[in-house]
Amino acid sequence: MQDSHKNFFLIFMRSGTMYFETSQSFSAERGQIALVDCHKPHRFYTDGPGESIWIHFDGTNASAFFEQILALRNGRQVFDLAAAGRVEQEMAYIISGLRSAYMSEVDCSQRIYRILCALLFPHQERTGSLANDVIPQAVQFIASHLFEPLSVKRVAQEVNLSPSHFSRLFRSTTGFSPHEYIMLHRIDEAKTLLQSTALSVKEIAFRVGYRSEVNFITAFTDKTGLSPTQFRKNTF
């Protein structure tokens with residue numbers, strides 16, 4: 001229940017068995033993945049030797065992803081995936097990148113996003129569907145052009161789809177409309193800049209694609225419950 005751990009916990013079991021007690025009791029064995037909401041009381045332990053790889057993560061979209069994953073899996077918090085090995089590799093890459101400080105916030109966020117999409121839509125990992133190629137490409141384009149005007153039409157053109165087809169595919173894959181995702185990504189990037197730089201709120205607004213400081217402050221406050229200035233003060 002520590003404040004520093006009020007986030008989400010993702011663990012891949014390499015060997016042994018891990019037992020979890022949250023609102024339900026379950027266990028994760030070798031090759032399985034477990035997802036836990038650490039904002040709520042929880043406990044986990046082993047009864048013998050075991051090895052795991054794990055990360056804590058959070059973000060504007062994290063709660064929505066967690067709820068959608070559980071809703072689509074009938075409340076289950078432990079998963080067997082055809083792409084479990086790929087998830088383990090992504091987690092290992094994130095940990096290695098953060099330890100050596102060469103991983104950017106955007107790269108880390110995109111890798112966590114891919115992991116959560118694998119949990120949310122495991123069938124797409126198996127079939128190699130259109131969404132499996134198009135959506136990561138669209139997400140990469142959004143991240144690379146976040147400071148520019150970004151319309152749904154422009155992103156759809158980048159992945160060679162009509163705006164309506166792209167919007168349906170994006171929402172069915174991520175749970176968000178392209179517009180919602182772009183706005184949430186901008187808020188996440190603004191949080192990072194508020195925490196890690198001395199840039200003014202106006203400069204940050206333009207850095208993350210807003211052409212009006214007032215519109216940025218309104219959107220930020222609406223999504224976080226704090227103004228950018230309050231968020232920065234509460235961070236330090």
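Look up: the structure comes first, before these words.
Residues numbered from 1 in each chain as written. Predicted model: local features only at pLDDT ≥ 70, side-chain atom pairs only at ≥ 80, totals over all residues. Heavy atoms only, no water.

*Asks:* When you look at the pairing of strand β4 (residues 33-37) in this model, what are you seeing that I'm missing?
*Replies:* One face of the sheet, then the other: side chains in a regular strand alternate in exactly this way. Most of β4 is tucked away: five of the five residues are buried. Of the two faces of β4, both are covered, the one formed by Ile33, Leu35 and Asp37 as well as the one formed by Ala34 and Val36. Of the strand pairs in this sheet, strand β1 (residues 8-15) and β4 are connected by five bridges, and their pairing is antiparallel. By the bridge assignment, Phe8 is partnered in β4 with Asp37. Here two bridges tie β4 to strand β7 (residues 78-79), and the two strands are oriented antiparallel to one another. (Buried < 20%, exposed > 50% of the residue type's maximum accessible area, 1.4 Å probe, protein only. Helix = DSSP H or I, 4+ residues; strand = E, 2+ residues; numbered from the N terminus. Pairing = 2+ DSSP bridges.)

*Asks:* Help me understand the side chain of Ser177, please; the structure alone is not making it clear to me.
*Replies:* Structurally, Ser177 is set in the loop between α7 (163-174) and α8 (178-196). Among all residues touching Ser177, those that are not within four sequence positions of it are Phe170 and Arg171. (Contact = heavy atoms within 4.5 Å.)

*Asks:* Looking at this structure, how should I read the environment of Thr173?
*Replies:* Summarising the element assignment, Thr173 is placed in helix α7. Here Thr173 falls in the buried class, since its relative accessible area comes to 4%. Sequence spacing of Thr173 and Ala118 is 55 residues, and the spatial spacing of their C-alpha atoms is 9.9 Å.

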